[in-house]
Amino acid sequence: MPQVQSRWPLVTTLSRSPSTQFNLNSTSVAGFFGGEEAISTMILTQTYNRGIWFGWYNTLGSFVIGNRFRRLADLIISNSLVGSPSGTRFQRMYLDPTPLLRHGGWPSGPAFKAIYSGINVQETGPFASLLMKRCVRVSGTPISGRATQLVNVTVARFERRPIFEQQLKCHRLPPTFAVLPVAVSLAACVLCVSYGDLYSFFVILLGILARGLSGYFIGSMGLSFDFPGSPEGSLPGDGILGGDRELVLLKGSADVVNAIIRGRLVFSLLSRSAHRGVQLCFFLLVTQAIVQLLCIPQSGLFGQLMFVSSIVTSWAYEVWFLSSYQEIILWEILNDVMGPLVIKKFVLPNWCGAVASLLFLANDRTHLGHMKMLMDDLLPSGVLVWEIWKEVVLEHLHNGQPLRFDDTHWNRPDLSSADEKSLLRVLLKDAEVAYAAFSSRE
């Protein structure tokens, strides 16, 4: 019986095993999923020396990444329109990388309560989150006293004022494993050619070029640290980070605190035509996702396995890199900008003693109104016993008196029951014990 010639040559597989029934056609949609890890890795890798040369590999989510580049191109164009006037030398442009990153890309930090200004920031930036993690890992000095719930109190201070618009680099080479996804993607291309699967070869090669050129363009832009400045004569920025069982007293000028709670990484570039490079990256990435969707089902099983091995290897590397190095890179950036961090940590046996220690460590006798607001945020309000406790403690702090109490402080006529007097006595003793422990360490 004569063999029927296929009218659709694209359907003819280039695999050497045409009889196999198993295939990986569903992997053709890989360009439409993921991509978040690839973008974060792309941004952070450029902080390394020669890091832009380690992004030439095939990866997941090319369509997702391409759409983020389109947003970045729109942002560059809109900033160019409001930039320097026509005919003048173009000044440096600073761009927030948020359009590339979903939800800012990095974790947000804990709430911050300013002592002097009274400002409450419910969600801080990634550097506040980084500082909080570092403080949690430090071992603290235990303080004896009435044990209810252990509370960690950390005093954090940076050595210098932040440097504005500093170009950021980590002075080290990328990790050794950075060559792994590059090697696997290139090896997959070579094996596909040797096996005769040109569809998979073309898809993987296009993925390498799209990811590599995108990373190269991101790496060609400078990465700077940006934060809102404070006018001369601003109040100190001291405040409390965190809550529940972890409290961090962040001390320093308003600039120092702003850099921690509102600091961010921004791209910096000088060219008005930079949007063309971003649009080229967008075109390559989206094209690769579409070509991948069409060509992977036409390739043989071996080529599909090579394609899957390249994207799985790159995804595994990016997840490993972010989990292992993201915090290290951000911390090195923070050290470059802010200088070394000085930490003192104490473990208090109860919440009342922890709040009293914060008031004592803040060491402010002139802004009682702000201190009262802080106490209201951390302690129950409207309860007579607690209001008396706040009044007595603030009075001692204002007068520069040590926190030592006797019967006259809890046997008050405005407390009608013996239980209320007993509770006030216990709470005042908690504050006294905490004060005595800190005083002995001065």
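Please refer to the structure higher up on the page.
Note that this is a predicted model, so its numbers are computed, not measured.

Engineer: Quick one: what's the story with the packing of helix 9 (residues 351-362) against helix 13 (residues 418-439), residue by residue and with numbers?
Structural biologist: Where helix 9 contacts helix 13, the axes come no closer than 8 Å and their chain directions differ by 50°. As judged from the angle between their axes, helix 9 and helix 13 are oblique. Taken as a pair, helix 9 and helix 13 cross one another with a handedness that is right-handed. Side by side, helix 9 and helix 13 meet where C352, G353, A356, S357, F360 and L361 of the first sit next to L427, D430, A431, A434, Y435, F438 and S439 of the second. A per-class count over the contact of helix 9 with helix 13 returns 9 nonpolar, 3 polar and 1 charged.

Engineer: Kindly report on a nonpolar patch on the surface, identifying the contributing residues and their values.
Structural biologist: A surface patch of nonpolar side chains, amounting to about 470 Å² of accessible area, comprises F32, F33, I290, L293 and L294. Positionally, L293 belongs in helix 7 (residues 274-295). For L293, a relative accessible area of 34% corresponds to the partly exposed category.

Engineer: Can you lay out the pattern of salt bridges for me, pointing to particular residues and giving the numbers?
Structural biologist: If charged atoms from side chains of opposite charge come close, those side chains can pair. By the definition in use, this model includes 10 salt bridges. Here K372 and D376 are joined by a salt bridge, their closest N and O atoms 3.0 Å apart. Placement of both K372 and D376 in helix 10 (residues 368-378) is noted, with a separation of 4 residues, approximately one turn of the helix. A relative accessible area of 26% places K372 in the partly exposed class. Residue classification places D376 among the partly exposed residues on the basis of a relative accessible area of 26%. Its salt-bridge partner being K390, residue D376 comes within 2.7 Å of it at the nearest N-O pair.

Engineer: Please provide a residue-by-residue account of the side chain of S357, values included.
Structural biologist: Structurally, the position occupied by S357 is in helix 9. Among the polar contacts made by the side chain of S357, one reaches the main-chain carbonyl oxygen of A354 at a distance of 2.6 Å. Apart from the residues lying within four places of it in its own chain, the contact partners of S357 are V153, L348 and F438.

Engineer: Can you explain the sheet that holds strand 10 (residues 341-348)? Please cite residues and give values.
Structural biologist: Across the sheet, 7 strands lie side by side as 3-2-7-8-5-10-4; this open sheet has mixed pairing. The strands lining the two open edges of the sheet, one partner per strand, are strand 3 (120-121) and strand 4 (141-142). Bridge count for strand 5 (residues 151-158) against strand 8 (residues 246-251) is 6 bridges, and the pairing is parallel. Within strand 8, the residue paired with V153 across the bridge is L247. Here helix 6 (residues 254-262) sits on the sheet and contacts strand 2 (112-114), strand 3, strand 5, strand 7 (239-243) and strand 8; the angle it forms with strand 8, its principal contact strand, is near 140°. Helix-sheet contacts for helix 9 involve strand 5, strand 7, strand 8 and strand 10, and the interaxial angle to strand 8 is about 5°.

Cut-offs used in this document
- Residues numbered from 1 in each chain as written.
- Predicted model: local features only at pLDDT ≥ 70, side-chain atom pairs only at ≥ 80, totals over all residues.
- Heavy atoms only, no water.
- Axes fitted to C-alpha atoms, helices over the stretch in contact; angles between N-to-C directions.
- Helix = DSSP H or I, 4+ residues; strand = E, 2+ residues; numbered from the N terminus.
- Parallel < 35°, antiparallel > 145°, perpendicular 65-115°, else oblique.
- Left-handed = near helix turned anticlockwise from the far one by under 90°.
- Contact = heavy atoms within 4.5 Å.
- Nonpolar A, V, L, I, M, F, W, Y, C, P; charged D, E, K, R; others polar.
- Patch = residues over 30% accessible without salt bridge, like charges linked within 9 Å, V, L, I, M, F, W, Y side chains within 5 Å.
- Areas by Shrake-Rupley, 256 points an atom, 1.4 Å probe, with all protein chains shown as cover.
- Salt bridge = Lys/Arg side-chain N within 4 Å of Asp/Glu carboxyl O.
- Buried < 20%, exposed > 50% of the residue type's maximum accessible area, 1.4 Å probe, protein only.
- Polar contact = N/O pair within 3.5 Å; in protein donor to acceptor, adjacent residues only side chain to side chain.
- Pairing = 2+ DSSP bridges.

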